[in-house]
Amino acid sequence: MKLPSEIFPPLQETAFVCGIILVVLNLLLCFQGDFKSIVQGIVFACINSILVIGVHNQNRTAILIWMILAIIGIIILTIVFIIMVIWIGIPDHGSFQVGLFFFYAWYSSTIIFTIVTTCFAGMAMKKIKKDISTSRAGSEQGISPFESFLLGLSNVRLMDFF
């Protein structure tokens, strides 16, 4: 019987793969063709590449910066999503309803995936801190109160919400 650590990839690899997925999804925005989508896709791809580079180099500061930007992005995206739901509403006719359903599903899945990636990044940051502290033979490296707050958020289990 395999142990869970043998079945599931390490946290750093999971955060790395989630970061790459976010970069690719944001680069897909560039194919919409208009200038706003191209700029938005490139900017968000650069922001999400901070996570990929931070996890690859095991740089806690880069991961923390990405987590702050991701939380701000989640808040803004959630506000925009709620405003759009209130403004557009849920129509009850034809193909417009199907298109709107996919639009709502895209926004909500983006919000959820970014939240999950933020949790993985926080857990990876904690693992990197643990690896650094054990490699320094017991020397304690302090963390800021904001960093400990974000690490506390990463301890929240997703199943607690369901």
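Residues numbered from 1 in each chain as written. Predicted model: local features only at pLDDT ≥ 70, side-chain atom pairs only at ≥ 80, totals over all residues. Heavy atoms only, no water.

1. Side note on the overall build of the chain
Link 1 in the chain: Within the chain one finds six helices and zero strands.
Link 2 in the chain: Every one of the 162 residues in the chain was classed for burial, and the buried ones make up 31%.
Link 3 in the chain: Sequence separation of 24 or more characterises 66% of the internal contacts of the chain that already satisfy a separation of 6 or more.
Link 4 in the chain: Counting every atom, the chain has about 10600 Å² of accessible surface; 74% of that belongs to carbon and sulfur. (Helix = DSSP H or I, 4+ residues; strand = E, 2+ residues; numbered from the N terminus. Buried < 20%, exposed > 50% of the residue type's maximum accessible area, 1.4 Å probe, protein only. Contact = heavy atoms within 4.5 Å. Areas by Shrake-Rupley, 256 points an atom, 1.4 Å probe, with all protein chains shown as cover.)

2. Focus: a nonpolar patch on the surface
Link 1 in the chain: Together, Val17, Ile20, Ile21, Val24, Leu25, Leu28, Phe31 and Trp106 line one region of the surface with nonpolar side chains, adding up to about 750 Å² of accessible area.
Link 2 in the chain: No other element matches helix H2 (residues 11–28), which puts six residues into the nonpolar patch.
Link 3 in the chain: Topologically, Ile21 is positioned in helix H2. (Patch = residues over 30% accessible without salt bridge, like charges linked within 9 Å, V, L, I, M, F, W, Y side chains within 5 Å. Salt bridge = Lys/Arg side-chain N within 4 Å of Asp/Glu carboxyl O.)

3. Comments concerning the packing of aromatic side chains
Link 1 in the chain: In the structure shown here, the tally under the stated rule is two aromatic pairs.
Link 2 in the chain: Taken together, a centroid distance of 5.7 Å and an interplanar angle of 85° make the contact between Phe81 and Tyr104 edge-to-face. Remark: Tyr104 occurs in helix H5 (residues 94–135) and Phe81 occurs in helix H4 (residues 60–88); sequence separation between them is 23 residues.
Link 3 in the chain: An angle of 15° between the planes, with centres 6.1 Å apart, marks the rings of Phe81 and Tyr107 as stacked. Taken together, the residues span a long stretch of sequence, with Phe81 in helix H4 and Tyr107 in helix H5 at a distance of 26 residues.
Link 4 in the chain: Relative accessible area serves as the criterion here: at 19%, Tyr107 is assigned to the buried category. (Phe/Tyr/Trp six-rings, centres within 6.5 Å; stacked < 30°, edge-to-face > 60°.)

4. Some words on the environment of Leu22
Link 1 in the chain: Note on placement: Leu22 falls in helix H2.
Link 2 in the chain: On the accessibility criterion, Leu22 (7% relative accessible area) is buried.
Link 3 in the chain: Measuring from C-alpha to C-alpha, the distance between Leu22 and Ala45 comes to 7.2 Å, with 23 residues separating the pair along the chain.
Link 4 in the chain: Aside from chain neighbours lying at most four places away, what touches Leu22 is Asn48, Trp66, Phe113, Thr114 and Thr117.

5. Concerning the nonpolar core
Link 1 in the chain: If you look at the biggest cluster of nonpolar residues, it comprises 13 residues, and the most contacted ones within it are Leu51, Val55, Ile63, Trp66, Met67, Ala121 and Met125.
Link 2 in the chain: When contributions to this core are tallied by element, the ones reaching two or more residues are H2, helix H3 (35–56), H4 and H5.
Link 3 in the chain: By residue number, the principal contributor to this core is H4, which donates five residues. (Core = buried A, V, L, I, M, F, W, Y, C linked by side-chain atoms within 4.5 Å.)

6. Some remarks on the side chain of Thr118
Link 1 in the chain: Residue position: Thr118 is located in helix H5.
Link 2 in the chain: Residue classification places Thr118 among the buried positions, given a relative accessible area of 9%.
Link 3 in the chain: With residues near it in sequence (within four places) discarded, Thr118 still touches Trp66, Met67, Ala70, Ile71 and Ile74.

7. Some details on H4
Link 1 in the chain: Given a rise of 1.5 Å per residue, 29 residues ought to cover 42 Å, and the 41 Å separating the end C-alpha atoms of H4 matches this to within 8%.
Link 2 in the chain: One side-chain oxygen of the residue at the start of H4 lies 3.0 Å from the amide nitrogen of Thr61, identifying that residue as Asn59. (Expected span 1.5 Å × (residues − 1). Polar contact = N/O pair within 3.5 Å; in protein donor to acceptor, adjacent residues only side chain to side chain.)

8. As for the confidence of the model for the chain
Link 1 in the chain: On average, residues of the chain score 76 in pLDDT, and 69% of them are at 70 or above.
Link 2 in the chain: For the chain, helix H1 (residues 4–7) is the element with the lowest average pLDDT, namely 48, and H3 is the one with the highest, namely 88.
Link 3 in the chain: Taken together, the stretch residues 158–162 has pLDDT below 50 and engages in two contacts with residues farther than four places along the chain or on a different chain. (pLDDT = per-residue confidence, 0-100.)

9. Some remarks on H2
Because an α-helix packs 3.6 residues into every turn, residues spaced three or four apart end up facing the same way.
Link 1 in the chain: Between its first and last C-alpha, H2 extends 26 Å over 18 residues, near the 26 Å set by a 1.5 Å rise per residue.
Link 2 in the chain: Of the residues making up H2, those classed as buried are Gln12, Thr14, Ala15, Cys18, Gly19, Leu22, Val23 and Asn26.

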